[in-house]
Amino acid sequence: MTPAITESRLPYLFEAVQCGTVRAAADRLDIAPSAVSRQIALLEAELALPLIERHKRGVHLTQAGRLLMEYYREQRAHQEDLLAKLQEVRGLRRGHIRLAVGEGFVSDLMGAPLHYFCKRYPDITLTLDLAGTNEVMRLVAEDDADIGLVYNPPAEPKIVSRAQMRQPVHAIVAPDSSLIDQLDETGALRLDALYDVPLALMHGAYGTRQLMELAEQSEKHRLTPTVTTNSISVLKHFVRAGLGATFLPAFAVSQEIEGGVLRALPIDHPILKRAEAHLITRAGRRLSGAANRLLTHLASKMEAFGAPD
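Below, the structure is looked at part by part. Remember, it's a predicted structure, so these values are computed and weren't measured experimentally.

Read from one edge of the open sheet, three strands run 10-7-11, paired in antiparallel fashion. The sheet is open, and its two borders are formed by strand 10 (246-249) and strand 11 (263-266), each paired with just one other strand. Averaged over all pairs of adjacent strands, the angle between strand axes in this sheet comes to 45 degrees, irrespective of strand direction. The pairing of strand 7 (residues 169-173) with strand 10 spans four bridges and is antiparallel. Opposite A171, over in strand 10, you have F247 as the bridge partner. Its contacts with the sheet put helix 8 (residues 207-219) on strand 7 and strand 10, and the angle it makes with strand 10 is roughly 115 degrees.

See below:
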């Protein structure tokens, strides 16, 4: 006989995994730790499979536990989508949308695209979380975000791109940088022109750094950054302070370029030229009406996807 799943027990397992320990999950749920442990144990007994492993650093899912959590996240996402659709049937233009965004998209997003959307749909609320490429992909794949904005993501069967556009990596320099004099007849810079320049680079979980590592491998030359960070704001300040250069797509610094405080120089390298901006959702995810409206709006209004600056 196929074992039954008592779905009311799934939130206890979910909270234990999200919080990292049974005790932390109990604190969040405001119940005794023994109650959380009991619900998980009953769930394991129903399925005749272990769902978690306890370690010094907390609990980790087994293979069966991961499958169960994937099912639970999908059920929660379907319920949220259904409730949003029911609101629309009632004629309400309400809803809540969760966005996971690479920091390079913030200036583009927070300008006219989001201003216009929020003004047109004042009853739709947003959660906006900044994350690196890998984390944006995870948040969207696990339905912790409805929509993701990500730069040059790796192929992932759980993720589908709803809009994408070529956005090459540029060398970001100060307006008076000597590198400007090294542009070739096409207006591009060779990568080796930056070998002796102090650089600020993102950590390896970010799309720009992953691209630079691929370019380094192809050129058989390793870049050694002066500063490594998880903040594009730090990169911009590094360059504006005259400390050196960095690498970003031009749309990430469009306001600074327009203000004349930074320059974006094209780089003549095939890997860096192929980089793309992507607007992503989970494959098979049925978005709410509110999320679909925002998705369409961002695809047509953001500079990263071809809209005029």
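Another point: a nonpolar patch on the surface. Where nonpolar side chains cluster on the molecular surface, the patch consists of L82, L83 and L86 and spans about 270 Å² of accessible area. Position of L82 among the secondary structure elements: in helix 4 (residues 63-89).

Take the nonpolar core next. Counting 47 residues, the largest nonpolar core has F105, I147, L194, F247, L272 and F305 as the members making the most contacts within it. Among the elements that take part in this core, helix 12 (residues 289-301) stands out by supplying five residues, more than any other. Apart from residues no more than four positions distant in its own chain, L194 is found in contact with A171, L179, L189, L199, A245 and F247. Core analysis: the second largest hydrophobic core is formed by 18 residues, A25, V59, L61 and Y72 among them.

Our focus in this paragraph is unusual backbone geometry. The phi dihedral of D30 is positive, around 60 degrees, even though this residue is not glycine. Secondary-structure assignment places D30 in the loop between helix 2 (22-29) and helix 3 (33-47). According to the relative accessible area criterion, D30 is exposed, its value standing at 71%. At A48, a residue that is not glycine, the phi angle is positive and equals roughly 55 degrees. Topologically, A48 is positioned in the loop between helix 3 and strand 1 (52-55). A48 gets classed as exposed once you look at its relative accessible area, which sits at 66%.

Let us look at the packing of helix 1 (residues 10-19) against helix 2. Running from amino to carboxyl end, helix 1 crosses helix 2 at an angle of 115 degrees, the nearest separation of the two axes being 7 Å. Between helix 1 and helix 2 lies a crossing whose hand is right-handed. In this structure, helix 1 uses Y12, E15, A16, Q18 and C19 to contact helix 2, whose residues at the interface are A24, A25, R28 and L29.

Of note, D146 is situated in the loop between helix 7 (133-141) and strand 5 (147-151). Overall, D146 belongs to the buried group, its relative accessible area being 4%. There is a polar contact of 2.7 Å between the side chain of D146 and the backbone nitrogen of R98. At 3.0 Å, the side chain of D146 and the side chain of R285 are in polar contact. Among residues more than four places away in sequence, those in contact with D146 are H96, I97, R98, I280, T281, R285 and L287.

Cut-offs used in this document
- Residues numbered from 1 in each chain as written.
- Predicted model: local features only at pLDDT ≥ 70, side-chain atom pairs only at ≥ 80, totals over all residues.
- Heavy atoms only, no water.
- Pairing = 2+ DSSP bridges.
- Helix = DSSP H or I, 4+ residues; strand = E, 2+ residues; numbered from the N terminus.
- Axes fitted to C-alpha atoms, helices over the stretch in contact; angles between N-to-C directions.
- Contact = heavy atoms within 4.5 Å.
- Patch = residues over 30% accessible without salt bridge, like charges linked within 9 Å, V, L, I, M, F, W, Y side chains within 5 Å.
- Areas by Shrake-Rupley, 256 points an atom, 1.4 Å probe, with all protein chains shown as cover.
- Salt bridge = Lys/Arg side-chain N within 4 Å of Asp/Glu carboxyl O.
- Core = buried A, V, L, I, M, F, W, Y, C linked by side-chain atoms within 4.5 Å.
- Buried < 20%, exposed > 50% of the residue type's maximum accessible area, 1.4 Å probe, protein only.
- Left-handed = near helix turned anticlockwise from the far one by under 90°.
- Polar contact = N/O pair within 3.5 Å; in protein donor to acceptor, adjacent residues only side chain to side chain.

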